[in-house]
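The primary structure of each chain is shown beneath.
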Amino acid sequence: MNGIVSPAAGAAGTAWLTTEVEEVRSALADFPELLTLLPPAADDLEREYVRLFLRPRGETISLWQSSYEAEVPQLMGEAHDSAVAWFRRYGWETRRPNEPADHLGLLLQFFAYLEFAEPEAGLRWEFQERHLWWVPAACGRIRTLTREPFYRELAELTVRTIAPAGNTSNSR
């Protein structure tokens, strides 16, 4: 199966910036715990997304693995190169060659793909150890800093989804 990995397709937050709340409700039909927390206006989620993830002087939480890997974070560095290698092994490509492949949304999208497409659990675990080890720490910051219950629950759900059974802590 070939896939196109891109922030528009894989980064949950990015999609919600331009999608109406009713479309989000439909996409989240399998997650009733999140549905009950959606605010009535899409603007509320957008404002909080910008405050948490995009605001230069706000509570900026990085959604790129590279930010957690070195004292001096570097986009398009080792984490990006490794993610691209994983994607290509399964016929996936980023939409644009200069697109950082180590974005949380892209990594989670690929991890979900591996859960269904890769019968060997060892490879899924290897990807998880290499590319998702930092997610519990990032989600912990989201849970602590967000003003929206929706993002708090989404962060908790993310950690529960990727954590090996019984472990929700940072593995490094």
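For the structure itself, consult the block above.
As the structure is a computational prediction, the values presented were derived from the model and not from experiment. (Residues numbered from 1 in each chain as written. Predicted model: local features only at pLDDT ≥ 70, side-chain atom pairs only at ≥ 80, totals over all residues. Heavy atoms only, no water.)

Engineer: How should the packing of helix H6 (residues 78-89) against helix H8 (residues 121-131) be read in this particular structure?
Structural biologist: Packed helices, taken two at a time, are described by the angle their axes make and the gap between the axes. Where H6 meets H8, the closest approach of the two axes is 11 Å, and the angle between their N-to-C directions is 160 degrees. One finds that H6 runs roughly antiparallel with respect to H8. Pair H6 / H8 crosses with left-handed handedness. Within the contact between the two elements, H6 uses Glu78, Ala79, Ser82, Ala83, Trp86 and Arg89 and H8 uses Leu123, Glu126, Phe127, Arg130 and His131. Grouping the constituent residues of the contact of H6 with H8 by class yields 5 nonpolar, 2 polar and 4 charged. (Axes fitted to C-alpha atoms, helices over the stretch in contact; angles between N-to-C directions. Helix = DSSP H or I, 4+ residues; strand = E, 2+ residues; numbered from the N terminus. Parallel < 35°, antiparallel > 145°, perpendicular 65-115°, else oblique. Left-handed = near helix turned anticlockwise from the far one by under 90°. Contact = heavy atoms within 4.5 Å. Nonpolar A, V, L, I, M, F, W, Y, C, P; charged D, E, K, R; others polar.)

Engineer: So what exactly am I meant to see when it comes to the pattern of salt bridges here?
Structural biologist: Opposite charge on two side chains permits pairing when their charged atoms draw close. Inspection of every chain in the model, using the stated rule, returns 9 salt bridges. Note that aspartate 44 and arginine 47 form a salt bridge whose closest N and O atoms lie 2.7 Å from each other. Of this pair, aspartate 44 and arginine 47 both sit in helix H5 (residues 42-54), 3 residues apart, which is roughly one turn of that helix. Under the relative-accessibility criterion, aspartate 44 is labelled partly exposed at 24%. A salt bridge links arginine 143 to glutamate 156; the shortest N-O distance between them is 3.4 Å. Of this pair, arginine 143 sits in helix H9 (residues 135-145) while glutamate 156 sits in helix H10 (residues 149-162), and the two are 13 residues apart along the sequence. (Salt bridge = Lys/Arg side-chain N within 4 Å of Asp/Glu carboxyl O. Buried < 20%, exposed > 50% of the residue type's maximum accessible area, 1.4 Å probe, protein only.)

Engineer: It is not clear to me how the packing of helix H7 (residues 104-117) against H8 should be interpreted in this structure. Could you clarify?
Structural biologist: Packing of H7 against H8 brings their axes to within 10 Å, and their N-to-C directions diverge by 165 degrees. Regarding the angle of H7 to H8, the classification is roughly antiparallel. Crossing handedness for the pair H7 and H8: left-handed. Seen from H7, the contacting residues are Leu107, Phe110, Phe111, Leu114 and Glu115; seen from H8, they are Arg124, Phe127, Gln128 and His131. Residues belonging to the contact of H7 with H8 are distributed by class as follows: 5 nonpolar, 2 polar and 2 charged.

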